[in-house]
Amino acid sequence: GKYVPLDLTFRDETGQTVALGELLDRPAVVMLIYYTCPGICPVLFNGVAEVVNKMRETPGKDFRLLSISFDASDTPDTAQRRKRDTFALLNREIPEEGWKFLTGDAETIQRFTESVGFSFARVEGEFVHPSGLIVLSPKGKIIRYLYGVDFLPMDLSLAIMEAEEEKPIFSVRRVVQFCFSYDPASRKYVLNITRISGAVIALFALSLIH
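Anyway, here's the lowdown on the structure attached to this text. Remember, it's a predicted structure, so these values are computed and weren't measured experimentally.

Cut-offs used in this document
- Within every chain, residues take consecutive numbers counted from 1 along the sequence as written.
- Residue-level local features of this predicted model are given only where pLDDT is at least 70; pairs of side-chain atoms are given and counted only at 80 or more, and the full residue set underlies all totals for whole chains, interfaces and linings.
- The basis for the side-chain values is all heavy atoms of the structure; hydrogens and waters are excluded.
- Here a helix means four or more residues in a row that DSSP labels H or I, a strand means two or more in a row labelled E, and each is numbered from the N terminus.
- Note on exposure labels: buried denotes an accessible area under 20% of the residue type's maximum, exposed denotes more than 50%, and partly exposed covers the range between, all computed with a 1.4 Å probe on protein chains only.
- A contact between two residues is defined here by any heavy atoms of the two lying within 4.5 Å.
- Accessibility throughout is a Shrake-Rupley quantity obtained with a 1.4 Å probe, and a residue counts as covered only by protein chains that appear here.
- Salt bridge criterion: a side-chain nitrogen from Lys or Arg within 4 Å of a carboxyl oxygen from Asp or Glu.
- To estimate the expected span of a helix, subtract one from its residue number and multiply by 1.5 Å.
- Criterion used throughout: strands pair if DSSP finds at least two bridges between them.
- The handedness rule is simple: strands pointing away from the viewer, and a clockwise path from the first strand over the helix to the second, make the crossover right-handed.
- Of the grid points, spaced at 1 Å and generated over the protein atoms alone, those admitting a 1.4 Å probe that cannot get out make up cavities, while open sets with protein on both sides within 12 Å along at least five of seven lines make up pockets; any residue with an atom within 4 Å of a point is treated as lining.
- Grid points are joined across faces, edges and corners, and a volume is the space filled by probe spheres set on the points.
- Three categories are distinguished: nonpolar for Ala, Val, Leu, Ile, Met, Phe, Trp, Tyr, Cys and Pro, charged for Asp, Glu, Lys and Arg, and polar for the others, with Gly belonging to the last.
- Working definition of a nonpolar core: buried Ala, Val, Leu, Ile, Met, Phe, Trp, Tyr and Cys residues. They are joined through side-chain atoms within 4.5 Å.

Okay, the overall build of the protein next. Check the secondary structure of the protein and you find seven helices and 11 strands. Every one of the 210 residues in the protein was classed for burial, and the buried ones make up 43%. For the protein, the share of sequence-separated contacts (at least 6 apart) that also reach a separation of at least 24 residues comes to 66%. Of the roughly 11,400 Å² of accessible surface on the protein, a fraction of 56% belongs to carbon and sulfur atoms.

This is the structure:
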């Protein structure tokens, strides 16, 4: 529900200066990463490319994808290399402008990461940081956080719709995670009858109160 500062300026993968407010001409899906990351960031890029391949919406038309580095030493050159490698994972054509790979100075990075509640720390030359996506409305309002490195196409589509209308829609992944539990023995997700029954009983009790 909070807003990101729209006056921030970054440099894109071509070296051009771009204002965040200008990029938010439609819903935006933001991933905070750093381009030289040897760990979770490449996995996140793979996960985003995979969900984009499956979605009906098109980056650059229905929404924007913004990869923003929180490493002030990243440059447009490192961003361009990461963009080239990431676009090779796509099996559909998307406009170059549909997925921007951004870098910024330390002050800009700090203002943006603080505005979205993203924390990171340098440890032995690398960064420790969370992984996920942040969905913003065209007004810069924080609409949804999607955690992890793999995403349901319907969940991301609903988040984009939610950002367009600035109306909350319940996450499909939350429903799945609530209704199903992982069984290590069978290595499958199974319906959690106890949890569902408890929810039904709670709802029934609330209906009697009202």
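Our focus in this paragraph is the pattern of salt bridges. In total, this model carries 13 salt bridges according to the counting rule given. D155 is the salt-bridge partner of R144, the closest N and O atoms lying 3.8 Å from each other. Taken together, the residues span a long stretch of sequence, with R144 in strand β9 (residues 142-147) and D155 in helix α5 (residues 153-165) at a distance of 11 residues. As far as the burial class goes, R144 and D155 line up, both buried. Each of D12, E13, K83, E96, E97 and K100 takes part in one network of salt bridges that share partners.

The end-to-end C-alpha distance of helix α2 (residues 40-54) is 21 Å, a good match for the 21 Å that 15 residues give at a rise of 1.5 Å each. Looking only at α2, the buried set comprises C41, L44, F45, G47, V48, A49, V51 and V52. Of the surrounding elements, those touching the buried residues of α2 are β3 (28-33), β4 (64-69), α3 (76-87), β5 (99-102), β8 (132-136) and α5.

It is worth spelling out unusual backbone geometry at this point. The phi torsion at E124 lies on the positive side, around 55°, for a residue other than glycine. Counting through the fold element by element, E124 comes out in the loop between β6 (121-123) and β7 (126-128).

Below, the discussion takes up the pairing of β3. Here β3 lies mainly inside the structure; six of its six residues are buried. Covered by surrounding structure in β3 are A28, V30 and L32 together with V29, M31 and I33, the residues of both alternating faces. Where β3 and β4 come together, six bridges link them in parallel fashion. Paired with A28 across the two strands is R64, which belongs to β4. In the classification by handedness, the crossover that spans β3, the intervening α2 and the parallel β4 is right-handed. With three bridges joining them, β3 and β8 adopt antiparallel strand pairing. When the bridges of β8 are listed, V30 appears paired with I134.

Here the second largest pocket is characterised by a volume of approximately 160 Å³. Lining the second largest pocket are 13 residues, and of these F118, P130, G132, I134 and Y145 lie nearest its centre. Where the lining of the second largest pocket is concerned, the elements lending two or more residues are β8 and β9. Grouping the amino acids of the lining of the second largest pocket by side-chain chemistry returns nine nonpolar, four polar and no charged.

Of all hydrophobic cores here, the largest spans 53 residues; its most connected members are V48, L66, W99, F112, L133 and L156. In terms of residues, this core owes the most to one element, α2, which gives seven residues. Those residues in contact with V48, other than ones at most four positions away along the chain, are M31, L65, W99, L133 and F151.

Both β8 and β9 contribute to a ladder of five bridges, which runs antiparallel. Each bridged residue has a counterpart across the sheet, and for I134 the counterpart in β9 is Y145. Linkage of β8 to β9, two consecutive antiparallel strands, is achieved through a turn of five residues, within which G140 is found at a positive phi near 85°.

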